[in-house]
Amino acid sequence: MAGMDYKIPTVMSSEELMEKAFHRASKIYKNGTNPLDTRKKTALAKVTASGDIVVTALQGYVERFPRMDKMDDFFPQLVDIVIGIDRYKKALGAVNWCAMKAEKLKNDTLKDIRRTKDPEIIEATRRGFYGRLNSYVDRISDDLLFLQDAKNKFRKLPAVDPNTPTVVVAGFPNVGKSNLVTVMSTAEPEIAPYPFTTKGIIVGHIEDDWRKYQIVDTPGLLDREFEKRNDIEKQAVLALRYLTDVILFVIDPSETCGFHRDVQEKLLANIQESFEGVTIIVAESKCDVMKTGDGRLYFSAQTGENMDALMDAVRTEMRAVFRRKALEAETEVE
Ligand SMILES: Nc1nc2c(ncn2[C@@H]2O[C@H](COP(=O)(O)OP(=O)(O)OP(=O)(O)O)[C@@H](O)[C@H]2O)c(=O)[nH]1
Ligand SMILES: [Mg+2]
């Protein structure tokens, strides 16, 4: 799924960019009224073309990469975890710096070439220009690589609509969250028999007659303090903090996930405390392996056993959210 609407360009490496600039320049030849004039016109055209290629490409990156600030909101916080906003801003700043330097270098060089009548100086000035242009671009090679990587990461970020009622699925790693989300919705997260299979936030959709809900699959959470969490877990916390209308908390009583029941229960208690007032549906997974008989909802995403009851419980809560949101939107001051 496309993460964002931004049309982020592909970012060339410093080598690719210089290769493109030199290649374009190498093809240029201008006819003048005499040999000196020919040489001058050709040099001017080569400098202009290669300089413009660099400047236009770099300015394009600065303009088309999204502005990001570390605001107290889901998307910027997610970008900060996945990409790193400080490093991102530094990269865009460096690219902007290089574009300005290249533009000034080009203009200074054109002036120098126009001023001289010495063919040797024309050639030396042009070569000097290439060398300095190359060294400016070389200095931002790490930033360009960073931005290309950031572009790929932006594309993979989930497309979350803050206005659609959302159920966030949470629980320990490996308890069967992704399998459940696959059965319940359009999402197709990876399912595998080891913890932290899900490394980011994945959004699926559930249709309920004419209504539509989002279901968010999250990475597994261990029972520990936020600051001690890894970047994968932190994304789950962000989803809970910013996207949740309803939490669907999955416990694996069979412990085939590799974690004891009591640590899972501790995490649940923790979440109940942190999200007071939020509806939390607690459901026990893998009932094909084990049923506790403790009166909680249970299900097996594998065999489908009791999935209807779970879906009913989720739909009931989500309809309530849907009504509340519709009412809020209707009574908002215009
Ligand atoms: N027996 C049984 N196994 C299941 C069921 N649901 C999932 N599993 C297995 O449990 C393992 C983990 O499933 P996932 O859906 O990837 O678990 P997860 O909670 O998303 O795991 P992380 O993304 O790592 O947090 C896989 O080996 C699944 O095949 C189930 O209903 N019954
Ligand atoms: Mg998963």
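Residues numbered from 1 in each chain as written. Chains lettered and ligands numbered in written order. Predicted model: local features only at pLDDT ≥ 70, side-chain atom pairs only at ≥ 80, totals over all residues. Heavy atoms only, no water.

Here the focus is the coordination of the magnesium ion (ligand 2). Each protein donor to the magnesium ion (ligand 2) is listed here as Ser-178 (OG) and Thr-198 (OG1); together their distances run 2.0 to 2.1 Å. Taken together, the positions of Ser-178 in helix 7 (residues 177-184) and Thr-198 in the loop between helix 7 and strand 2 (202-208) put the pair 20 residues apart, joining distant regions of the chain. (Donors = N, O, S within 2.8 Å, 3.2 Å for Na, K, Ca; no water. Helix = DSSP H or I, 4+ residues; strand = E, 2+ residues; numbered from the N terminus.)

Right, let's talk about the state of the cysteines for a bit. Across all of its chains, the model carries 0 disulfides by this definition. Looking at Cys-257, it has no disulfide partner, and the nearest cysteine sulfur is the one in Cys-287, 15 Å off. (Disulfide = S-S within 2.5 Å.)

Quick look at the pattern of salt bridges now. One pass over the full model with this rule turns up 29 salt bridges. A salt bridge links Glu-123 to Arg-126; the shortest N-O distance between them is 2.6 Å. On the criterion of helical spacing, the pair formed by Glu-123 and Arg-126 is a turn pair, its members being 3 residues apart in helix 5 (residues 119-139). Taken individually, Glu-123 and Arg-126 each receive the classification buried, so the pair is uniform in this respect. A salt bridge links Lys-325 to Asp-245; the nearest nitrogen and oxygen atoms lie 3.4 Å apart. Placement of the pair is Lys-325 in helix 10 (residues 307-331) and Asp-245 in the loop between helix 8 (231-243) and strand 4 (246-251), with a sequence separation of 80 residues. Asp-245 carries the same exposure label as Lys-325, and that label is buried. Three or more residues are tied together by salt bridges with common partners; here these are Arg-261, Glu-265, Glu-284, Asp-294 and Arg-296. (Salt bridge = Lys/Arg side-chain N within 4 Å of Asp/Glu carboxyl O. Buried < 20%, exposed > 50% of the residue type's maximum accessible area, 1.4 Å probe, protein only.)

Looking at the protein, the domain boundaries give domain 1 (14-156) and domain 2 (166-331). For domain 1 versus domain 2, the distance between C-alpha centres works out to 48 Å. Across the boundary between the two partners, domain 1 contributes 7 residues, which contact 8 residues of domain 2. Taken over both partners, the interface formed by domain 1 and domain 2 buries close to 680 Å², and the fraction arising from carbon and sulfur atoms is 77%. Looking only at domain 1, the three residues that lose the most surface to domain 2 are Phe-74, Leu-78 and Ile-81, adding up to 73% of its buried area. The interface formed by domain 1 and domain 2 holds 0 salt bridges in total. For the pair domain 1 and domain 2, the interface holds 1 residue pair in polar contact (both at pLDDT 80 or more). Of the residues contributing to the side of domain 1 that touches domain 2, the split by class is 4 nonpolar, 1 polar and 2 charged. (Domains from an automatic or database assignment. Contact = heavy atoms within 4.5 Å. Buried area = accessible area lost by both parts, 1.4 Å probe. Polar contact = N/O pair within 3.5 Å; in protein donor to acceptor, adjacent residues only side chain to side chain. Nonpolar A, V, L, I, M, F, W, Y, C, P; charged D, E, K, R; others polar.)

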